[in-house]
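A structural walkthrough
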Amino acid sequence: MLSVHVWAGYVVGGFVFLRVLWGFVGPRHARFTNFIYGPRSVLGYGLDLLRGRSKRYVGHSPAGGAMVVALMFFLAATVSTGLLVYAEEEGAGPLVPFFTEGARDGDGDDSGGSGKSRRRGRGGSDFDDVHEVLANITLALVFFHVLGVTAASFAHRENLVRSMITGRKRSED
């Protein structure tokens, strides 16, 4: 299962990287410049959505844009800490060179002086708890994302899931 977990992390990291690129070179509504709003706009949109009177956007709404940024940030942080845990606990992955005896300058490495990664056992990594907290925050964001997409789909009488898949939405009303 560790192998599946690790490869899932690599895939997620690849998708986050591609989405960041897409945010700079993609079509108009996929670009960051089209959907980054200030906190006041995000909060105002969210409150209006709860009241059933939110403005419809052809691209991302202010709350949708904030969720894109939050999900990408927490997914990237989760992948990054996962790479650190994998290197420190398993002695594997692209960050292993940073966990060798030479890189640690003799900080109590228990590898017997072989220069191999320090393995502290399952759950013993310095980054393990951080990785778990970030993963749980990401899961909470996914839950709220699904909730928001559902609410906006009903409020604007459109299938936002289909729009996310096809990249197409009906024109302005």
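Scope of this entry: the structure provided in the associated data block.

Cut-offs applied
- Along every chain, residues carry numbers that run from 1 in the direction the sequence is written.
- Where local features are concerned, this predicted model is filtered to residues with pLDDT of at least 70; where side-chain atom pairs are given and counted, the filter is 80 or more; whole-chain, interface and lining totals use all residues.
- With hydrogens and water stripped out, all remaining heavy atoms of the structure feed into the side-chain values.
- Think of it this way: any DSSP run of H or I at least four residues long counts as a helix, any run of E at least two long counts as a strand, and we number them from the N terminus.
- Remark: exposure states derive from per-residue accessible area (1.4 Å probe, protein chains only) relative to the maximum for the residue type, with buried under 20%, exposed over 50%, and partly exposed in between.
- The contact definition used throughout considers only heavy atoms, calling two residues in contact when any of these lie within 4.5 Å.
- Here the open area of atoms and residues is found with the Shrake-Rupley method and a 1.4 Å probe, where only the protein chains shown may cover a residue.
- Any pair of Phe, Tyr and Trp rings, taking the six-membered ring for Trp, is counted once the centres come within 6.5 Å. Such a pair is stacked with planes under 30 degrees apart, edge-to-face with planes over 60 apart, and tilted for the rest.
- When a carboxyl oxygen of Asp or Glu lies within 4 Å of a side-chain nitrogen of Lys or Arg, that pair is called a salt bridge.
- Here, axes are lines fitted to C-alpha atoms. For helices the fit covers the stretch in contact, and angles between N-to-C directions go from 0 to 180 degrees.
- Throughout this description, any angle smaller than 35 degrees is read as roughly parallel, any larger than 145 degrees as roughly antiparallel, any in the 65 to 115 degree range as roughly perpendicular, and the remainder as oblique.
- Three classes are used, and their members are as follows: Ala, Val, Leu, Ile, Met, Phe, Trp, Tyr, Cys and Pro are nonpolar, Asp, Glu, Lys and Arg are charged, and the others, Gly among them, are polar.

Here's the deal with the overall build of the protein chain
The helix and strand tally for the protein chain stands at 7 helices and 0 strands. For the protein chain, the N- to C-terminal ordering of α and β elements is α-α-α-α-α-α-α. Counting over 173 residues, the protein chain shows a buried share of 30%. Contacts in the protein chain between residues at least 24 apart in sequence constitute 59% of all its contacts with a sequence separation of at least 6. Summed over all atoms, the accessible surface of the protein chain reaches about 11100 Å², with 65% contributed by carbon and sulfur.

Section: the packing of aromatic side chains
Applying the stated criterion across every chain yields a total of 8 aromatic pairs. Considering the side-chain rings of phenylalanine 32 and phenylalanine 35, the 5.8 Å spacing of their centres and the 65 degrees angle between planes classify their relative orientation as edge-to-face. Taken as a pair, phenylalanine 32 and phenylalanine 35 lie in helix H2 (residues 32–35) at a separation of 3 residues, close to a single helical turn. One exposure class covers both phenylalanine 32 and phenylalanine 35, and it is buried. Linked through ring pairs, Phe24, Phe32 and Phe35 together constitute an aromatic cluster.

A word on the pattern of salt bridges
When the charged atoms of two side chains lie near each other, side chains of opposite charge can form a pair. If you walk through the whole model with that rule in mind, you get 3 salt bridges. The partner of arginine 51 in a salt bridge is aspartate 48, with the nearest N and O atoms 3.5 Å apart. Taken together, the positions of arginine 51 and aspartate 48, both in helix H3 (residues 39–51) and 3 residues apart, correspond to about one turn of that helix. Arginine 51 gets classed as exposed once you look at its relative accessible area, which sits at 52%. Between aspartate 48 and arginine 53 there is a salt bridge; the shortest N-O distance is 3.7 Å. It is possible to trace a salt-bridge network through shared partners that takes in Asp48, Arg51 and Arg53.

Examining the packing of H3 against helix H4 (residues 62–90)
Here H3 crosses H4 at 120 degrees, and the two axes come no closer than 7 Å. With respect to each other, H3 and H4 are oriented oblique. Here H3 contributes Ser41, Val42 and Tyr45 to the contact with H4, which in turn contributes Pro62, Ala63 and Ala66. Here the residues of the contact of H3 with H4 sort into 5 nonpolar, 1 polar and no charged.

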